[in-house]
Amino acid sequence: MSPIKAVQHDTKPSIFPTHQHWYISSLSSISPGDTPHLLHTYDTVFHGFSAKLSLTEALKLQTLPHIIAVIPERVRHLHTTRSPQFLGLKTADSAGLLKESDFGSDLVIGVIDTGIWPERQSFNDRDLGPVPSKWKGACVSGKDFSSSSCNRKLIGARFFCNGYEATNGKMNETTEYRSPRDSDGHGTHTASIAAGRYVFPASTFGYARGVAAGMAPKARLAAYKVCWNAGCYDSDILAAFDAAVSDGVDVISLSVGGVVVPYFLDAIAIGSFGAVDRGVFVSASAGNGGPGGLSVTNVAPWVTTVGAGTIDRDFPADVKLGNGKVISGVSLYGGPGLASGKMYPIVYAGSGDGGDGYSGSLCEEGSLDPKFVEGKIVLCDRGINSRAAKGEVVKIAGGVGMILANGVFDGEGLVADCHVLPATAVGASGGDEIRKYMSAAAKSKSSPPTATIVFKGTRVNVRPAPVVSSFSARGPNPESPEILKPDIIAPGLNILAAWPDKIGPSGIPSDKRKIEFNILSGTSMACPHVSGLAALLKAAHPEWSPAAIRSALMTTAYTVDNRGETMLDESTGNVSTVLDFGAGHVHPQKAMDPGLIYDITSFNYIDFLCNSNYTLNNIQVVTRRNADCSGAKRAGHAGNLNYPSLSVVFQQYGKHHMSTHFIRTVTNVGDANSVYKVTIRPPGETFVTVQPEKLVFRRVGQKLNFLVRVETTAVKLAPGASSMRSGSIIWSDGKHTVTSPIVVTMQQPL
């Protein structure tokens with residue numbers, strides 16, 4: 001038995017007083033003796049219900065005339081303080097983004113996550129006006145959470161666990177709360193990044209000391225808890241989308257994801273279409289599957305997909321070796337350090353001594369022999385168990401410190417952690433250097449290998465920044481190659497934000513330390529930066545659609561770092577590409593006044609699905625509409641969706657010359673009587689023309705079209721291989737610069 005979601009036609013027969021009666025009658029008709037239990041009913045972003053059915057019952061249900069589709073349950077997982085300042089959002093900034101939107105106080109951001117810890121200072125409601133009159137949400141009470149846990153800041157809180165419990169059985173209420181209260185920390189952290197109030201002083205064990213603030217400090221928050229110990233279940237996620245939209249949120253922030261599947265089987269794609277269709281902006285994390293290609297998730301074109309970059313702050317903790325060499329690392333360890341000036345013996349359990357090689361090298365539970373590690377610093381490889389858990393294993397075995405080394409796949413990307421013992425993280429090359437030194441010293445017999453860790457606190461004004469984080473998921477888009485994903489990147493490495501009381505900063509059960517703020521990394525942290533910025537943009541431009549807000553963020557994004565060079569890729573140290581950062585890194589001030597926007601309606605998305613060869617039934621599942629695909633062919637191809645980036649994939653079936661065209665429409669949101677001229681930076685070996693080369697606008701709100709032709713010649717590729725080149729198309733009126741990346745991919749069929 002597993003939970004499924006069934007999509008029903010919108011038109012309910014009049015004999016049923018409510019949709020719920022109709023759903024129950026559908027279920028009793030497939031199993032007359034023992035009607036399956038309804039988990040959720042959906043009526044806002046989606047029409048249908050979820051229930052736990054056997055395979056036979058699901059197949060029977062599918063044959064009923066009013067059932068459009070039956071979708072299997074899936075489980076998703078979380079994509080786990082200087083960022084407002086690094087983004088240029090300062091409180092004293094009287095003319096910038098925060099000023100113009102009264103900090104977004106009429107807007108509501110719905111965070112679909114692990115719940116919230118409402119007592120945190122980041123969620124105080126001082127100086128906030130009454131709850132916006134349009135708000136229809138509720139503060140649902142439950143374990144350790146009363147209806148008075150909400151205030152004028154946190155104006156709504158709900159929890160959804162029927163899908164989770166249908167799959168896993170009843171939850172263990174000693175380890176998690178049957179309420180909106182957060183027993184993980186992730187949801188509290190992401191909510192405060194999006195809309196946390198100004199809190200001073202804020203730090204984690206003295207690291208990153210300063211003022212903590214979210215992107216939209218006066219926006220209201222609503223927490224929708226869908227993630228539990230075993231993950232986040234689609235039937236619950238869809239119920240949260242349904243509730244959030246009907247409650248009246250303006251923005252939905254979702255730092256959760258899973259495998260990419262076609263949109264008609266993807267609850268996040270379906271729920272977010274229903275939200276966007278009602279004018280709600282949806283931002284979702286790109287995933288932490290980087291640095292490998294095709295790892296990006298949450299790729300539907302109506303969702304704004306956010307990757308992660310670094311900010312200009314880090315937490316250096318260097319390894320000093322017995323031979324005098326220094327290997328740079330990072331850490332947030334906050335306890336007593338190692339004895340100053342003392343060198344400690346260093347060991348690596350992967351060498352086969354003192355443990356079983358492989359699990360010892362990873363410092364897995366029970367893999368280290370105390371006789372081998374006592375009083376020593378232990379080198380552990382990254383992978384399998386969590387980074388902080390490795391430190392606990394070393395500590396239990398009597399080690400005095402840990403060096404955590406990246407594997408080849410992690411490259412040079414470093415994440416700082418609140419370790420339970422003196423510990424630091426080093427890149428793959430640093431790990432190799434330490435192992436090389438250890439084996440040379442061991443051979444010499446006269447001076448056994450030694451090391452120490454030097455903690456250097458917080459360093460700011462780091463160059464280069466931003467850098468694309470190693471873990472940030474990368475394109476190309478596995479479901480719709482014509483749509484470049486991720487869309488943009490935002491700060492996601494070592495981000496300080498609010499944290500619950502009952503959870504230690506390392507996230508391991510034995511860690512009993514208490515902190516008000518924690519520093520975490522992930523595209524999970526990047527996504528709420530964009531959710532908060534979207535709320536500020538919506539406050540300043542209430543008439544903008546979700547697509548207009550995304551367009552403003554994308555066409556004003558930047559791709560150069562604080563040295564003035566193209567952003568680097570943290571995993572390799574080389575230059576990053578559009579497949580890593582999409583349109584670039586968000587630039588909030590410029591997004592306020594983008595000049596032109598690329599707008600998209602729900603009908604345009606339907607044409608896109610038609611041109612992506614989705615069946616009418618598939619399209620109805622996603623959009624709740626009876627689509628007519630005859631007009632879509634006029635739109636040409638899927639790449640003609642009016643997206644702010646342009647992407648084409650050419651299949652080289654022995655053809656020498658290949659060409660395509662894109663049609664785009666821009667809306668003037670800048671000044672009346674403005675003239676935009678185009679600059680083309682074509683991808684390598686590609687000929688690009690734009691007609692007309694000049695767009696003359698007479699008024700604000702006017703729309704004009706242009707045509708982009710792309711021509712290229714075949715390149716030599718092995719069967720199954722592909723090559724990607726990128727360039728850009730830039731419209732400028734002398735005051736605004738509107739940039740669109742253009743990506744050309746050549747594929748050699750197998």
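For clarity, every value in this text was computed on a predicted model and none was experimentally measured.

Definitions and cut-offs
Residues numbered from 1 in each chain as written. Predicted model: local features only at pLDDT ≥ 70, side-chain atom pairs only at ≥ 80, totals over all residues. Heavy atoms only, no water. Helix = DSSP H or I, 4+ residues; strand = E, 2+ residues; numbered from the N terminus. Buried < 20%, exposed > 50% of the residue type's maximum accessible area, 1.4 Å probe, protein only. Contact = heavy atoms within 4.5 Å. 1 Å grid on protein atoms, 1.4 Å probe; cavity = no way out; pocket = protein on both sides within 12 Å on 5 of 7 lines; lining within 4 Å. Points joined across faces, edges and corners; volume = space filled by probe spheres on them. Nonpolar A, V, L, I, M, F, W, Y, C, P; charged D, E, K, R; others polar. Domains from an automatic or database assignment. Salt bridge = Lys/Arg side-chain N within 4 Å of Asp/Glu carboxyl O. UniProt positions renumbered as here; feature names shortened; annotations may be inferred.

A. Spatial organisation of the environment of L128. Turning to its location among the elements, L128 is positioned in the loop between β6 (108–113) and β7 (154–159). Judged by relative accessible area, L128 falls into the buried class, the value being 6%. Sequence separation between L128 and N151 is 23 residues, and the spatial gap between their C-alpha atoms is 9.8 Å. Ignoring sequence-local partners within four residues, the contact set of L128 consists of R152, K153, R197, K218 and R220.

B. Region of interest: the layout of surface pockets. In this model, the second largest pocket occupies a volume close to 620 Å³. What lines the second largest pocket is a set of 27 residues, and nearest its centre among them are D314, V330, E412, L414 and E570. For the lining of the second largest pocket, the secondary-structure elements that each account for two or more residues are β17 (313–314), β20 (329–330) and α12 (428–444). Grouping the constituent residues of the lining of the second largest pocket by class yields 11 nonpolar, eight polar and eight charged. Counting only domains with at least three residues in the lining of the second largest pocket, you end up with domain 2 (84–311 + 466–589) and domain 3 (316–457).

C. How the structure looks around the pattern of salt bridges. For the coordinates displayed, the defined rule picks out 25 salt bridges. For R387, the salt bridge is made with D417, and the minimal N-O distance between the two is 2.7 Å. Taken together, the residues span a long stretch of sequence, with R387 in helix α11 (residues 387–396) and D417 in the loop between β23 (401–405) and β24 (423–426) at a distance of 30 residues. Judged by its relative accessible area of 25%, R387 falls in the partly exposed class. Relative accessible area serves as the criterion here: at 13%, D417 is assigned to the buried category. For K735, the salt bridge is made with D671, and the minimal N-O distance between the two is 3.3 Å.

D. Layout of α11. Every buried residue belonging to α11 is among A388, A389, K390, G391, V393 and V394, and all of these are buried. Along its buried surface, α11 packs onto β22 (377–381) and β23. Of the residues one or two after α11, G398 is the one with positive phi, at around 100 degrees.

E. Spatial organisation of the UniProt feature "active site" (unreviewed entry) in the protein. This chain's UniProt record puts "active site" (unreviewed entry) on D113, H186 and S524. Across 412 residues in sequence, these annotated residues keep their C-alpha atoms within 9.9 Å of one another, forming a single compact spot. Along the chain, H186 turns up in helix α6 (residues 186–195). Those residues in contact with H186, other than ones at most four positions away along the chain, are L78, H79, T80, D113, T114, S255, W499, S524 and M525.

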